[in-house]
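Here is how the chains run, residue by residue.
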Amino acid sequence: MSASRWLITPLLLYLFSSATSSPVSISTSAPPLLSQISRPSPVPTVLPSPPSPSLSVPPPIPSLLSSPAEMTERVQCPLMMSPSILVVRYGDPVTANCSVLSRGFPLLGWEVSMEPPSPTEDHFLVWSVNSMTDWGIKPMCWALSEQGGQCDIRLPLVIFKPPDNVSISLVNHTGPVLEGHQYTLQCTVQGVAPIENLVVTFYRGQTALERIQSNSTMKTPETEIFTLNIYPSREDDGAEYWCETMLELGPAGPRNPPVMGSHKLIATVLFGPEIICSTKIAVKEGESLNCDVRGNPIPSVTWYRDGHVFALPTHSNMKHAGYYTVAAKGLREKNFTVEVEVLPGSGTANSCSRLFLLAVLLIQTILWL
């Protein structure tokens, strides 16, 4: 009898140990044989299993450091800024109002680096600065919720500064330019912010040549050079090149955007000489002989006939027919040969003869009357 009691006791201990370590597990296997019974192992530590996805878990309380996007998902943020966007010139005063539009937010405040106002239990709070001098400022209004957490919105703020100076010049060149050659205009803009809102327009006279905008994202004042390639022609001689800057600050900016222009760069275009003449020209007796010669500087023109300098007649006659050479000297030298044909008839001399005969006939007619 005592031997049976001794064998049953370890079996009861094993069953009790198994029930303790797995409270929700039910074993349907056959009990172990006596020869398989061993000393029970220590009871393992049981960790709680994660909740089932089907169970509803209350959302965590929003952190005071939550981002505006996260807060928008968790709490409807009833804050409003006035103005909604603020554009201010560097050094000018700033005033903005933040208000909460519903109950349940007992405390309202500003998080800002310049002159932050004290939090209030009122439904609005004004932030005011006498002179805006902080380029990196990022104003934010916040409100604490009675349910816990924080609701906040940022005030979009743009600080601008017109250029200190705008100038125009040619890159690595001074003085006159040659027709058809490439030159580079450069517009230097000093001390402007924000440079990403700056638009530079190059002009020839009142004609806009090109608009250029910077790729820089700097918010503080900086200096930048904008360039444009040009190919002057003779029609551009005396033209005025200049550049103009404008800060495009959008609807929230000043009604008249800050505009500044450079001085005028007057172009002197050298070209020629160009001889405008046919290879064969015909003139009537009594007419003058000439060809048009253009250039800058103004060319000197010399006529040659049979290798000798020849002074062109003001009244041509038949003996002036023949071959001539026009020699023009200006920016460079150019020669041109022309054949001259003198036609008889209605030149200046014949016109005078006809007038004389008409006068004689008129006198005789008067004497007959």
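We now turn to the structure provided with this report. Since the structure is predicted, the reported quantities are computational estimates derived from the model, not experimental observations.

Thoughts on the overall build of the protein
For step 1, the next point in the chain: When helices and strands are tallied, the protein shows three helices and 24 strands.
For step 2, the next point in the chain: When the 369 residues of the protein are sorted by exposure, 32% land in the buried category.
For step 3, the next point in the chain: A fraction of 62% describes how many contacts in the protein between residues 6 or more apart in sequence connect residues 24 or more apart.
For step 4, the next point in the chain: For the protein, the computed accessible surface area is about 23,800 Å², with 57% contributed by carbon and sulfur atoms.

A look at the state of the cysteines
Every disulfide links exactly two cysteines, by a covalent bond between their sulfur atoms.
For step 1, the next point in the chain: One pass over the full model with this rule turns up four disulfides.
For step 2, the next point in the chain: There is a disulfide in this structure between Cys77 and Cys151, and the S-S distance comes to 1.6 Å. Of note, the bridge from Cys77 to Cys151 carries an S-S torsion of about 105° and is right-handed in sense. With a gap of 74 residues between them, Cys77 in the loop between α2 (68-74) and β1 (79-82) and Cys151 in strand β7 (residues 150-154) connect regions that are remote in the sequence.
For step 3, the next point in the chain: For Cys77, a relative accessible area of 24% gives the class partly exposed.

Observations concerning the sheet that holds strand β5 (residues 124-129)
For step 1, the next point in the chain: Strand order in the open sheet formed by three strands is β1-β3-β5, with antiparallel pairing between adjacent strands. Only two strands of the sheet have a single neighbouring strand rather than two, namely β1 and β5. Each strand of the sheet is rotated relative to its neighbour by a mean of 15°, with strand direction disregarded.
For step 2, the next point in the chain: Alignment of β1 against strand β3 (residues 94-100), held across four bridges, turns out to be antiparallel. Paired with Leu79 across the two strands is Val100, which belongs to β3.

Calculation notes
- Residue positions are given per chain, counted from 1 along the sequence in the order it is written.
- Restriction of local features to residues with pLDDT of at least 70 applies here, the model being predicted, together with a cutoff of 80 or more for giving and counting side-chain atom pairs; totals for whole chains, interfaces and linings are based on all residues.
- Where side-chain values are given, they derive from all heavy atoms of the structure, hydrogens and water being excluded.
- Helix numbers and strand numbers start at the N terminus; a helix is a DSSP run of H or I with at least 4 residues, a strand a run of E with at least 2.
- Between buried and exposed lies partly exposed: a residue is buried under 20% and exposed over 50% of the maximum accessible area for its type, with that area taken using a 1.4 Å probe on protein chains only.
- When checking whether two residues touch, look at their non-hydrogen atoms; a contact exists if any pair is within 4.5 Å.
- Areas reported as accessible are Shrake-Rupley estimates using a 1.4 Å probe. Residue values count occlusion only from the protein chains shown.
- Sulfur atoms of two cysteines make up a disulfide when they are within 2.5 Å.
- Between any two strands, pairing holds if DSSP finds at least two bridges.
- In this analysis, axes come from line fits to C-alpha atoms, helices being fitted only over the stretch in contact, and the angle between any two N-to-C directions falls in the range 0 to 180 degrees.

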